[in-house]
Amino acid sequence: MAFTTNGLLNTVVDRYMSGLASVSDNWSLTVDRKSADAAALRLPAMTALGAIPTWNGTDDLSASSTSVDEYNTTGITLTAQQYGAQIAISRLDAENVPEAVSYAAQKLGFAVANTYAQVVFGQWNNSFGSVKTGDNKALFATDHAMASGTRSNKLTSALDSSALMAAVKLSRQFKSYDGSPYDLTAAGFYLVVPPALEEAAHQAIRSTYTLTNATDTAAQGLNNVSGNFFSPADIIVSPHINFDNDWIVVSKAESPMVFWERLAPQIRVTEDEDDLKRKLTIDFAIACDAKADPAVAIGSEVS
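Being a predicted model, the structure only gives us computed values, none of them experimental.

Enquirer: What should I look at first to understand helix H5 (residues 198-206) in this one?
Expert: At 3.6 residues per turn, the α-helix brings residues three or four places apart onto the same side. For H5, the set of buried residues is Ala201, Ala204 and Ile205. Angularly, the buried residues of H5 cover 90 degrees about the axis, an arc narrow enough to put them on a single face. The exposed set on the far side of H5, more than 90 degrees from its buried face, consists of Glu199 and Arg206. Where the residues of H5 are buried, they touch helix H4 (161-173), strand E8 (189-193) and strand E9 (235-237).

Dropping the structure here:
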């Protein structure tokens, strides 16, 4: 059977998409996605505007305006990292193994999806340490800067229903940079956990009572109300999360982590004029980092 590149691209794209779909894209639920066409992505600083002040209708509003300076000391700038790979298949191998090219395309799709998840969850892995917000604190910290005082988005409790409600309470009490309440609880949350905590996450949400162990008495503890704020569908589990005991709650309304797709993946099928190899090439450029403001996610670092 003659092998040509005519019509091959359609087959390659189909198998590439199949590989892409085989990896969960649940990482995308935990970030604020951007696709800006720019050399670098600038994120604004922590502004002090959590509520609208009164106004007499005549005074110049510029006298009390809030300045958003994208390049002050608390702003964040992302620079995209390029990624690329190529698979070369000789003409004879392509003839002898008809599935060689399409299978390679499927593996490329899997690798791309896997890389996206690895980059995003890799940043969540470091959110208790090296990933910093605009105040140079770890994304999850007990002393994030405010115009006056500090605010916390960090717990140390092991995952159970009571700990989830503690996270809800902390979210309720969260304040914007100017000290105004910044409660996004009504939007709901995602619960991000490693595989080691998947069972505990379901137990915390699904259990009828707050006690985790059965007793031989009639009293079974208080009713578990965490189900009012979380559902099993809100649990996000990934093998790319490398801690065993820590867990994270992310607001569905606003994530403090941003993901920038500067260049979307593009797959190409070419034939080398010199060695006649069929070459499948993929490249893209992405970045992921914390925003200047830690609103709104709660992290629990369990010792």
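Enquirer: Just to check I follow, could you spell out the packing of helix H1 (residues 8-21) against helix H3 (residues 100-125) for this structure?
Expert: Relative placement of two packed helices is described by the angle separating their axes and the distance separating the axes. At a minimum axis distance of 7 Å, the contact between H1 and H3 shows a crossing angle of 40 degrees. The angle between H1 and H3 places the two elements in the oblique class. For the crossing formed where H1 meets H3, the hand is right-handed. Here Leu8, Thr11, Val12, Arg15, Tyr16, Ser18, Gly19 and Leu20 of H1 come into contact with H3, specifically with Val101, Ser102, Tyr103, Ala105, Gln106, Leu108, Gly109, Phe110, Val112 and Ala113.

Enquirer: Which parts of the structure should I look at to understand the pattern of salt bridges?
Expert: Oppositely charged side chains are able to pair whenever their charged atoms sit close together. Under the criterion given, the structure shown has 12 salt bridges. A salt bridge links Asp37 to Arg262, with the shortest nitrogen-to-oxygen separation between them at 3.0 Å. One end of the pair, Asp37, is in the loop between strand E1 (32-34) and strand E2 (41-43); the other, Arg262, is in strand E11 (residues 257-271), with 225 residues separating them in the sequence. The class for Arg262 is partly exposed, based on a relative accessible area of 26%. Lys252 is paired through a salt bridge with Asp234; the nearest N and O atoms lie 2.7 Å apart. Separated by 18 residues along the polypeptide, Lys252 in the loop between strand E10 (247-251) and E11 and Asp234 in the loop between H5 and E9 bring together distant segments of the chain. Exposure remark for Asp234: the relative accessible area of 7% places this residue in the buried category. Connected via shared salt-bridge partners are Asp32, Lys34 and Lys291.

Enquirer: Please explain the pairing of strand E12 (residues 278-290) as it appears in this structure.
Expert: For a regular strand, side-chain orientation follows a simple rule: the groups alternate between the two sheet faces. In terms of residue burial, E12 counts as a mostly covered element, since 11 of its 13 residues are buried. In terms of strand pairing, strand E4 (residues 81-89) meets E12 through 9 bridges, oriented antiparallel. In the strand pairing of E12, Ile87 is matched with Leu280. Taken together, the 12 bridges between E11 and E12 define a ladder with antiparallel strand orientation. Residue pairing across strands places Arg268 opposite Thr281, the latter belonging to E12. The hairpin formed by E11 and E12 contains 6 residues between the paired strands, and Leu276 there has a positive phi angle of roughly 65 degrees.

Reading the values: rules and limits
Residues numbered from 1 in each chain as written. Predicted model: local features only at pLDDT ≥ 70, side-chain atom pairs only at ≥ 80, totals over all residues. Heavy atoms only, no water. Buried < 20%, exposed > 50% of the residue type's maximum accessible area, 1.4 Å probe, protein only. Helix = DSSP H or I, 4+ residues; strand = E, 2+ residues; numbered from the N terminus. Arc of directions from axis to C-beta. Contact = heavy atoms within 4.5 Å. Axes fitted to C-alpha atoms, helices over the stretch in contact; angles between N-to-C directions. Parallel < 35°, antiparallel > 145°, perpendicular 65-115°, else oblique. Left-handed = near helix turned anticlockwise from the far one by under 90°. Salt bridge = Lys/Arg side-chain N within 4 Å of Asp/Glu carboxyl O. Pairing = 2+ DSSP bridges.

Read these as layout, nothing more, since geometry by itself doesn't imply function.
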